[in-house]
Amino acid sequence: MVKRIKPDLSLSIGKLKLKNPVMAASGTFGYAEEFKDFIDLKKLGAIVTKTITVKPRYGNLPPRTCETPAGMLNSIGLENPGIDKFIREKLPFLKKLAVPLIVSIAAEESPDEFLVLIEQLDKINEVSAIELNISCPNLQKNKLISQDTKDTFEVIGSVRKFTQKCLITKLSPNVTSISEIAQAAQDAGSDALALINTLGGMSIDVNKRIPKLGSWVGGLSGPAIRPVAVKMVWEAYNKIKIPIIGMGGIIDTESALEFLLAGASAISIGTANFINPGVSLEIISGLEKYMAGNNIPDLSQLTGKLRACQD
Ligand SMILES: Cc1cc2nc3c(=O)[nH]c(=O)nc-3n(C[C@H](O)[C@H](O)[C@H](O)COP(=O)(O)O)c2cc1C
């Protein structure tokens, strides 16, 4: 009888050590407390918080979400309590979990706001990593930082000087060349990339002849964007050396594996959390089974291990 191996799902992303590669994606998991009655949070590889800004944000006009074929549109507009209230009211629960905590941050007006946020978060031991959200499509700006190689390089470079913590940069798919932006992020000192944020989209109620979102346009997520996301992960993987956290339409083990094979070292689950809060834990055991069944001892034997042709 063939002896099955017990696969090792642990990995490191810069200084960040994870027991498995499955994370909860920013903005789709609140501050984790909202999910405590549905799943054993301690089993997650990491938790990424909703993006935090310096000041509280009340978000965009409702309706803020609508369903689309194989996905959803959202224009939440980064509603969040602001950094002070986050530290006071949301962090204590997250600290107790002892799951690697990644705090997502964004600047509303000026990139200097990143430094204000970093200064506060850098002092907190339980913050394992910081994710720079330079790709939120719902801030009603003409251009995102991550739509320009120079801006991407400058913002990450200035933040990098102020923290030794693991720095992850979240990029937008709304660009011409993801590999050029990924290269700029790596050159500026980002330890890892999170790929992808939502794709710009719009949906119309033809009976009322009005846009379905209060802010007219929003970000598309869910299985509809998966092929776009997988391609972008693959393109970035072929260009850069730093680890990639892949996301966009992951709903099960098979879709998670697509990202790992395309070049992701870890994956994040977003929209699927709204349908099945237990999906991340199902994917963790699914990955374990797949690896055991295929005699794959550790994750490094999966990341980017696409075959060039059919056997
Ligand atoms: C309702 C909603 C809110 C989101 N809020 C954030 C956010 O605050 N910060 C961020 O970086 N990404 C945010 N995202 C993007 C997700 O983290 C993820 O990158 C994207 O949805 C693609 O993954 P998915 O298809 O698995 O949802 C949000 C997505 C949704 C659906």
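As a reminder, the structure under discussion sits directly above these lines.
Everything quoted here is computed from the prediction, not taken from an experiment.

Chemist: So what's going on with the site of the ligand? Which residues, and what values?
Modeler: Near the ligand you find 22 residues, and of these Ser-26, Thr-51, Gly-222, Gly-249 and Thr-271 are the closest. Between the ligand and Ser-26, the relevant distance is 2.7 Å, taken from an oxygen atom to a main-chain nitrogen or oxygen of the residue. With respect to the ligand, the side chain of Asn-133 contributes an N or O atom lying 3.2 Å from an oxygen atom. Taken by itself the ligand offers 600 Å² of open surface, and the protein chains cover 97% of this. The site holding the ligand turns out to be the largest pocket. Residue composition of the shell around the ligand, grouped by class: 6 nonpolar, 14 polar and 2 charged.

Chemist: Explain the packing of aromatic side chains to me, using residue names and the numbers behind them.
Modeler: Taken as a whole, this structure holds 2 aromatic pairs when the rule is applied. Summarising the aromatic geometry, the rings of Phe-29 and Phe-35 are spaced 4.1 Å apart at their centres and angled 20 degrees between planes, so their arrangement reads as stacked. Taking 5.9 Å as the distance between ring centres and 45 degrees as the angle between the ring planes, the aromatic pair formed by Tyr-31 and Phe-86 counts as tilted. Here Tyr-31 is found in the loop between β3 (22–24) and β4 (46–48), whereas its partner Phe-86 is found in helix α1 (residues 83–97), with 55 residues between them in sequence. For the pair Tyr-31 and Phe-86, a shared accessibility class is recorded, and that class is buried.

Chemist: Tell me about the pattern of salt bridges, and name the residues and values.
Modeler: By the definition in use, this model includes 9 salt bridges. With a shortest N-O distance of 2.5 Å, Glu-79 and Arg-64 are connected by a salt bridge. Within this pair, whereas Glu-79 is found in the loop between β6 (71–74) and α1, its partner Arg-64 is found in the loop between β4 and β5 (65–68), the two being separated by 15 residues in sequence. We note a salt bridge from Lys-143 to Asp-151, for which the minimum N-O separation is 3.6 Å.

Chemist: Pulling in residues and values, what's your account of the sheet that holds strand β8 (residues 127–133)?
Modeler: Ordered in space as β3-β4-β7-β8-β9-β10-β15-β16, the 8 strands form a closed barrel in which the pairing is parallel. Each adjacent strand pair in this sheet contributes to an overall mean axis angle of 25 degrees, direction not counted. Strand direction decides the pairing type here: strand β15 (residues 244–246) and strand β16 (residues 266–269), joined by 2 bridges, are parallel. Of the residues in β16, the one forming a bridge with Ile-245 is Ala-266. Across the sheet, helix α5 (residues 226–237) touches β10 (192–195) and β15, and the angle it forms with β15 is around 170 degrees.

Chemist: Give me a nonpolar patch on the surface: which residues, what numbers.
Modeler: Together, Met-202, Ile-204, Val-206, Trp-216 and Val-217 give the surface a local cluster of nonpolar side chains, amounting to about 530 Å² of exposed area. Along the chain, Met-202 turns up in strand β11 (residues 199–202). Relative accessible area serves as the criterion here: at 45%, Met-202 is assigned to the partly exposed category.

Chemist: How would you explain the sheet that holds β5 if you had to name every residue and give the values?
Modeler: Strand order in the open sheet formed by 4 strands is β5-β6-β14-β11, and the pairing between neighbours is antiparallel. The sheet terminates laterally at β5 and β11, the two strands that pair on one side only. On average, each strand axis in the sheet is tilted by 40 degrees relative to the strand beside it, whichever way the strands run. Where β5 lies against β6, 4 bridges are found, and the strand directions are antiparallel. Pairing of Thr-65 across the sheet is with Asn-74, part of β6.

Chemist: Any details on the pairing of strand β9 (residues 166–170)? Residues and values, ideally.
Modeler: Most of β9 is tucked away: 5 of the 5 residues are buried. Of the strand pairs in this sheet, β8 and β9 are connected by 5 bridges, and their pairing is parallel. Bridge assignment links Ile-130 to a residue of β9, and that residue is Leu-167. Taken together, the 3 bridges between β9 and β10 define a ladder with parallel strand orientation. Each bridged residue has a counterpart across the sheet, and for Lys-170 the counterpart in β10 is Ala-194. Handedness of the crossover is the feature at issue here: the chain leaves β9, passes through helix α4 (residues 178–187), returns alongside β10, and the resulting connection is right-handed.

Chemist: How would you summarise the side chain of Glu-131 if you had to cite specific residues and measurements?
Modeler: For Glu-131, the position within the fold is in strand β8. Residues in contact with Glu-131, not counting those within four places in the same chain, are Ser-26, Val-48, Ile-102, Val-103, Ser-104, Ile-105, Ile-168, Lys-170 and Ala-194.

Chemist: Run through the layout of surface pockets, naming residues and quoting values.
Modeler: Taken as a whole, the largest pocket encloses approximately 470 Å³ of empty space. Looking at the largest pocket, it is lined by 34 residues, and the ones nearest its centre are Ser-26, Thr-28, Asn-74, Asn-197 and Thr-198. Those elements that provide at least two residues to the lining of the largest pocket are β6, β8 and β16. Residue classes in the lining of the largest pocket are distributed as 12 nonpolar, 19 polar and 3 charged.

Chemist: For unusual backbone geometry, give the residues involved together with the corresponding values.
Modeler: Look at the link from Pro-62 to Pro-63: it is a cis peptide, with omega at -10 degrees. Here Pro-63 shows up in the loop between β4 and β5. Residue Leu-195 is joined to Ile-196 through a cis peptide bond whose omega torsion reads 10 degrees. Within the secondary structure, Ile-196 is located in the loop between β10 and β11. One non-glycine residue, Arg-209, lies in the positive phi region at around 60 degrees.

About the criteria used
- Residues numbered from 1 in each chain as written.
- Predicted model: local features only at pLDDT ≥ 70, side-chain atom pairs only at ≥ 80, totals over all residues.
- Heavy atoms only, no water.
- Near = heavy atom within 4 Å.
- Polar contact = N/O pair within 3.5 Å; in protein donor to acceptor, adjacent residues only side chain to side chain.
- Areas by Shrake-Rupley, 256 points an atom, 1.4 Å probe, with all protein chains shown as cover.
- 1 Å grid on protein atoms, 1.4 Å probe; cavity = no way out; pocket = protein on both sides within 12 Å on 5 of 7 lines; lining within 4 Å.
- Sits in = over half its atoms within 2 Å of the grid points.
- Nonpolar A, V, L, I, M, F, W, Y, C, P; charged D, E, K, R; others polar.
- Phe/Tyr/Trp six-rings, centres within 6.5 Å; stacked < 30°, edge-to-face > 60°.
- Helix = DSSP H or I, 4+ residues; strand = E, 2+ residues; numbered from the N terminus.
- Buried < 20%, exposed > 50% of the residue type's maximum accessible area, 1.4 Å probe, protein only.
- Salt bridge = Lys/Arg side-chain N within 4 Å of Asp/Glu carboxyl O.
- Pairing = 2+ DSSP bridges.
- Axes fitted to C-alpha atoms, helices over the stretch in contact; angles between N-to-C directions.
- Contact = heavy atoms within 4.5 Å.
- Patch = residues over 30% accessible without salt bridge, like charges linked within 9 Å, V, L, I, M, F, W, Y side chains within 5 Å.
- Right-handed = clockwise from strand over helix to strand, strands pointing away.
- Points joined across faces, edges and corners; volume = space filled by probe spheres on them.

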